[in-house]
Amino acid sequence: MGFGVLRQNMFVLLLLLLSSWVCSVTSSVSYDNKAIIVNGQRRILMSGSIHYPRSTPEMWPDLIQKAKDGGLDVIQTYVFWNGHEPSPGKYYFEDRYDLVRFIKLVQQAGLLFHLRIGPYVCAEWNYGGFPVWLKYVPGIEFRTDNEPFKAAMQKFTEKIVSMMKAEKLFQTQGGPIILSQIENEFGPVEWEIGAPGKAYTKWAAEMAIGLNTGVPWVMCKQDDAPDPVINTWNGFYSEFFKPNSNKKPKMWTENWTGWFTEFGGAVPQRPAEDLAFSVVRFIQIGGSFVNYYMYHGGTNFGRTAGGPFIATSYDYDAPIDEFGLIREPKWGHLRDLHKAIKLCEPALVSADPTVSSLGNNQEAHVFRSSSGCAAFLANYDTSSSTKVTFGNQQYDLPPWSISILPDCKTAVYNTARLGAQSSQKKMIPVGSAFSWQSFNEETASSEDDNTFSNNGLWEQVNVTGDASDYLWYMTDVNIASNEGFLKNGQDPLLTIWSAGHALQVFINGQLAGTVYGQLDNPKLTFSNNVKLRVGVNKISLLSIAVGLPNVGTHFEKWNAGVLGPVTLKGLDEGTRDLSKQKWSYKIGLKGEALSLHTVSGSSSVEWVQGSLMPKKQPMTWYKTIFSAPGGNDPLALDMSTMGKGLVWINGQSIGRHWPGYIARGNCGACNYAGTYSDKKCKTNCGEPSQRWYHVPRSWLNPSGNLLVVFEEWGGDPTGISLVKRTTGSVCADIFEGQPTLKNWRMISSGNANRLQPKAHLWCPPGQKISQIKFASYGLPQGTCGSFREGSCHAHKSYDAFQRNCVGKESCSVAVASEVFGGDPCPDSSKKLSVEAVCS
Ligand code: GAL
């Protein structure tokens, strides 16, 4: 070998070495006590949960783009085992369950990914994500040191990890996945079950690590997560969270942006100001990863809602609403927050905070290093605003708020001051009225096909395998002709104890009553005097499951259905116990067996229409054909005149409807200041918990769409309408002199003058500002949609908006006295409230 060749080889070797070194630098994820380190760089990462099966693949690109525009770096999702493995070994990864497609869309958008494999996910998802068949694996016990369970969990986890590897989706392979998660909030369960729980935690961590994904694993709410797994926090606030080692970063896997809705419950809302406040409280103690749970909540299509009693809407008051529209002011307020945090990133990742007091209830957190200085000025007081001195300057801090100073001087953002507009959405009827046909779902009887019998009462899910919400329990009751009640008119009392979730009682084919439970107590009792005749009486009980439990210790052991006792009181013999006698069972409805929700199934029976159609009849199927309305606005069905049941469009289930379940409680006013909980700031009290049901645009054809409704209670289908969701009006609520991100741009471009904040208004594409409904510079009161003038009002408040905004898609007006015809009350600090109509 000549010297030249040797030199050449050496050179090639060097190149190879160098490139492998570069490779390992360019694609690696690790962490230290400050942050996740992606490609050698510590990052402050803002993340958001979007659960892929809760929207349609057609919606995904837009949702991801809106997340990116909202300033997110990472998309997070659970993996939904029961969607992917509907029967053992039979996998499904198509359509809404096309996980790889979802992750690749995130990658194409240039965002990172957090894959929470679970495979237990909680998530208000049916059975917490477990396939129901898992319950019947011999010897199984969920989420503990149990061999059959561990084997099944490992098999599914391996399946997902190997799929991700095959598609090169882990960051070390050039993909977007920088983190994974094993289990979900197992800590509290471990605490309850003790030693086997501890062993299971250790096993789960080791199993996950053994899969060599090349990226870190997290376990959320798991204080004893074994190294190198990172333990993370879930909750409304996270300012006291510390990981279990000083080598791990502070990560918040679930900052709840709102809360889920249950049928029968009011609809929760979390104010944007409090959400932003919670994020900054975490960032100012050195938190470096915040995930919004949910960023887009979406819809529990079909029978995917967990429970029991989780509503079909999983809107969650998230920054992107159920229908895929940005929710203002939450989305915009967080976008501005993310910009402000990013300005602080160099200081945040390189320094530890020093904390100093600025008053009784006020603090400064300062990050200072050679890479820069960032400060956070906090006022924890829930009612008073205050002026604090920091450096040589004074800063106004509203109650329950933090100001962000990316250079330790200029406030560019305050969590309680919205720069973003808010908006009011409208649901507007579209298309013509539906013309319905009906089909009666007859009360089942023990003589029907596909019934089977047993002496005694069976648990519901053991019988149905969750193939349907519905299970018929049928029995006969013989009444002798000499029974006393036949003469004295005292009807006997039928009492039925059920483990839930809802029950319709039929005596000789007639509805005798409807009962149902609620989320915190799914059990129910029916107790009514019933009409019985001489001879055989047919008692048919339709027991209805409303989503299987998704949370708790041993939630897999929860029961549903009529477990008894079932008694008849007031007979000559006293009380007759029906529990142990012969019962017949039938799984599902006749209409389900006939697939009435599909085009072919629905043409197999005779439907009734026009004046022959019964009115408000319980247990009825309805169908109609309709055309899709034009445009791109999201669509929904207004089901307010219906009771309870299921809805399908072109054979796809849009979920359970239950507008007949009215939201309990008192809603009252909502103040952003003060600790938030899911009991605070509720809406919809006294109204249906859910009135509108999302109809994905992509499920519709231009015409000939089949809509099928099964109604249990006897609602009136003529009141159902198709509606579109649009913006009614937009508002801005701006305080004079409030921090704005524009200040930063001015200062960094050498202009030291503070800018006046501006009110920005914009209507969505296709709409324009048609009218100024309200404008007041001074001391206006109220919130968007219900503003009113206060004790001080500039008489030219409307003029600037009339001039600059009407007829336009967007406009901005500076919030300064001179714009509104002079200062209406020089001694007060003023604000501007404006509401503009979009048409
Ligand atoms: C968490 C859980 C999530 C979800 C959330 C409530 O505790 O980890 O999966 O259930 O509560 O929406």
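Residues numbered from 1 in each chain as written. Predicted model: local features only at pLDDT ≥ 70, side-chain atom pairs only at ≥ 80, totals over all residues. Heavy atoms only, no water.

Asks: Help me understand the overall build of the protein in this model?
Replies: If you tally the helices and strands in the protein, you get 15 helices and 44 strands. Relative to the 2.2 N^0.38 estimate, which gives 28 Å for 839 residues, the radius of gyration of the protein is 30 Å and therefore close to what a compact globule would have. Out of the 839 residues belonging to the protein, those deemed buried represent 57%. With an accessible surface of roughly 32,900 Å², the protein has 51% of that area assigned to carbon and sulfur atoms. Averaged over its 77 positive side-chain charges, the protein has a centre that lies 4 Å from the centre of its 74 negative ones. (Helix = DSSP H or I, 4+ residues; strand = E, 2+ residues; numbered from the N terminus. Rg over C-alpha atoms; globule rule 2.2 N^0.38 Å. Buried < 20%, exposed > 50% of the residue type's maximum accessible area, 1.4 Å probe, protein only. Areas by Shrake-Rupley, 256 points an atom, 1.4 Å probe, with all protein chains shown as cover. Lys, Arg positive; Asp, Glu negative; His and termini not counted. Charge placed at Lys NZ, Arg CZ, Asp CG, Glu CD.)

Asks: Where do I start with the confidence of the model for the protein in this structure?
Replies: Any residue range with low pLDDT should be treated as having predicted coordinates unsuitable for detailed reading. Averaged over every residue, the pLDDT of the protein is 95; residues scoring 70 or more account for 96%. Long-range and interchain partners of residues 16–25, a stretch whose pLDDT sits below 50, account for 2 contacts in this model, where long-range means more than four residues apart. (pLDDT = per-residue confidence, 0-100. Contact = heavy atoms within 4.5 Å.)

Asks: What exactly am I supposed to notice about the nonpolar core here?
Replies: The nonpolar side chains of a soluble globular protein tend to be buried, and buried together. Ranked by internal contacts, the top residues of the largest apolar core, which has 135 residues, are Leu115, Met164, Leu337 and Phe376. With 9 residues, the top contributor of residues to this core is helix H9 (residues 330–350). Every residue in contact with Leu115, bar those within four places of it in the chain, is listed here: Thr77, Val79, Leu99, Ile103, Ile160, Met164, Ile177, Leu179, Ser180 and Gln181. Counting residues in hydrophobic clusters, the runner-up holds 28 residues, among them Phe301, Ile654, Trp699 and Leu700. (Core = buried A, V, L, I, M, F, W, Y, C linked by side-chain atoms within 4.5 Å.)

Asks: Before we go on, may I ask you to explain the packing of aromatic side chains in this structure?
Replies: Aromatic ring pairs are described here by two measures, namely the spacing of the ring centres and the angle between the planes. For the structure on display, the rule yields 64 aromatic pairs. Ring geometry for Tyr78 against Tyr293: centres 6.3 Å apart, planes inclined by 70 degrees, an arrangement best described as edge-to-face. A residue pair is termed long-range when its members are at least 10 positions apart, and Tyr78 in strand E5 (residues 74–78) and Tyr293 in strand E12 (residues 289–296) qualify at 215 residues. Owing to a relative accessible area of 2%, Tyr293 belongs among the buried residues under this scheme. The interplanar angle of 35 degrees and the centroid separation of 5.8 Å between the aromatic rings of Phe142 and Phe149 together place this pair among those described as tilted. Residue class for Phe149 comes out buried when judged on its relative accessible area of 0%. The side chain of Arg54 reaches across the aromatic face of Tyr314, ending 3.7 Å from its centre. In this structure, Lys644 is placed above the aromatic ring of Trp658, and the distance from its NZ or CZ to the ring centre is 4.8 Å. (Phe/Tyr/Trp six-rings, centres within 6.5 Å; stacked < 30°, edge-to-face > 60°. Lys NZ or Arg CZ within 6 Å of the ring centre and 35° of its normal.)

Asks: Could you clarify how one ought to interpret the environment of Met164 in this entry?
Replies: As for its placement among the helices and strands, Met164 is situated in helix H5 (residues 147–166). When the C-alpha positions of Met164 and Ile177 are compared, they lie 8.8 Å apart, and in sequence the two are 13 residues distant. Those residues in contact with Met164 that sit more than four places away from it in its chain are Leu99, Val100, Ile103, Leu115, Leu169, Phe170, Gln173 and Ile177.

Asks: Just checking my understanding: could you explain the sheet that holds strand E8 (residues 217–220) for this structure?
Replies: Sheet strands pair via backbone hydrogen bonds, and the direction of the pair is either parallel or antiparallel. Strand order around the closed barrel formed by 8 strands is E4-E5-E6-E7-E8-E9-E10-E12, with parallel pairing between neighbours. Each strand axis lies, on average, 30 degrees off the axis of its neighbour in the sheet, ignoring direction. As judged from the 3 bridges shared by E8 and strand E9 (residues 230–235), these two strands associate in the parallel manner. Residue pairing across strands places Val218 opposite Ile230, the latter belonging to E9. Relative to E12, H9 is tilted by about 165 degrees, and along the sheet it contacts strand E4 (45–50) and E12. (Pairing = 2+ DSSP bridges. Axes fitted to C-alpha atoms, helices over the stretch in contact; angles between N-to-C directions.)

Asks: What should I look at first to understand the site of the ligand in this one?
Replies: The environment of the ligand is made up of 15 residues, and the closest members are Tyr78, Glu124, Glu185, Glu254 and Tyr316. Measuring from an oxygen atom of the ligand, one finds a side-chain N or O atom of Asn184 at 2.9 Å. One of the side-chain N or O atoms of Glu254 is found 2.8 Å from an oxygen atom in the ligand. Isolated, the ligand exposes 310 Å² of accessible area, and the fraction of that covered by the protein chains is 95%. For the shell around the ligand, a count of residues per class yields 10 nonpolar, 2 polar and 3 charged. (Near = heavy atom within 4 Å. Polar contact = N/O pair within 3.5 Å; in protein donor to acceptor, adjacent residues only side chain to side chain. Nonpolar A, V, L, I, M, F, W, Y, C, P; charged D, E, K, R; others polar.)

Asks: Sorry, what's going on with the sheet that holds strand E22 (residues 452–455) here?
Replies: The 6 strands lie next to each other as E22-E31-E23-E28-E25-E26, forming an open sheet whose pairing is antiparallel. Where the open sheet ends on each side, the last strands, each with one partner, are E22 and strand E26 (510–516). For this sheet, the mean angle separating the axes of adjacent strands, direction not counted, is 25 degrees. Taken together, the 6 bridges between strand E25 (residues 502–507) and E26 define a ladder with antiparallel strand orientation. Counted as the bridge partner of Gln504 is Thr514 from E26.

Asks: In this structure, what is going on with the state of the cysteines? I would like to understand it.
Replies: Disulfide: a covalent bond formed between the sulfur atoms of two cysteine residues. All chains considered together, the criterion is met by 7 disulfides. Between the sulfur atoms of Cys731 and its disulfide partner Cys784 the distance amounts to 2.1 Å. The sign of the S-S torsion, about 75 degrees, decides the handedness of the disulfide formed by Cys731 and Cys784: right-handed. Note that Cys731 is positioned in strand E40 (residues 721–735) and Cys784 in the loop between strand E42 (769–778) and helix H15 (797–805), a separation of 53 residues in sequence. (Disulfide = S-S within 2.5 Å.)

Asks: Looking at this model, I keep getting lost on unusual backbone geometry. Mind explaining?
Replies: Residues apart from glycine generally show negative phi values, whereas peptide bonds are mostly found in trans. Note the cis peptide between Gly118 and Pro119, where omega equals -5 degrees. In this fold, Pro119 is placed in the loop between strand E6 (112–118) and H5. Cis geometry is adopted by the peptide bond preceding His501, which originates at Gly500 and carries an omega value of 10 degrees. The topology assignment puts His501 in the loop between strand E24 (493–498) and E25. One non-glycine residue with positive phi stands out, namely Glu124, at about 55 degrees. Along the polypeptide, Glu124 turns up in the loop between E6 and H5. Glu124 gets classed as buried once you look at its relative accessible area, which sits at 8%. Although it is not a glycine, Asn212 sits at a positive phi angle of roughly 45 degrees. Along the chain, Asn212 falls in the loop between helix H7 (195–209) and E8.

Asks: Even after reading the chapter, I still don't get the packing of helix H8 (residues 272–283) against H9, so can you show me in this structure?
Replies: In a packed pair of helices, the relevant descriptors are the angle between the two axes and the axis-to-axis distance. With their axes 10 Å apart at the nearest point, H8 and H9 run at an angle of 15 degrees to one another. Viewed along their axes, H8 and H9 adopt a mutual orientation that is roughly parallel. Crossing hand, H8 versus H9: right-handed. Between H8 and H9, the contacting residues are Ala272, Glu273, Leu275, Ala276, Val279, Val280 and Ile283 on the first element and Lys330, His333, Leu334, Leu337, Ile341 and Leu348 on the second. Among the residues forming the contact of H8 with H9, the class breakdown is 10 nonpolar, 1 polar and 2 charged. (Parallel < 35°, antiparallel > 145°, perpendicular 65-115°, else oblique. Left-handed = near helix turned anticlockwise from the far one by under 90°.)

Asks: I tried to follow the environment of Leu45 on my own but got confused; where do I start?
Replies: Within the secondary structure, Leu45 is located in strand E4. When the C-alpha atoms of Leu45 and His554 are compared, they prove to be 35 Å apart, with 509 residues separating the residues in sequence. Leave out the neighbours within four places in its chain, and Leu45 touches Ile36, Asp73, Val74, Leu112, Ile178, Ser288, Phe289 and Val290.

Asks: It is not clear to me how the pairing of strand E10 (residues 251–256) should be interpreted in this structure. Could you clarify?
Replies: Successive residues of a regular strand alternate their side chains across the two faces of the sheet. For E10, a buried count of 6 out of 6 residues is recorded, marking the element as mostly surrounded by other parts of the structure. Two strands pair when backbone bridges link them, and E9 and E10 are joined in this way by 3 bridges, in the parallel orientation. Across the sheet, the residue bridging to Gly235 is Asn255, located in E10.

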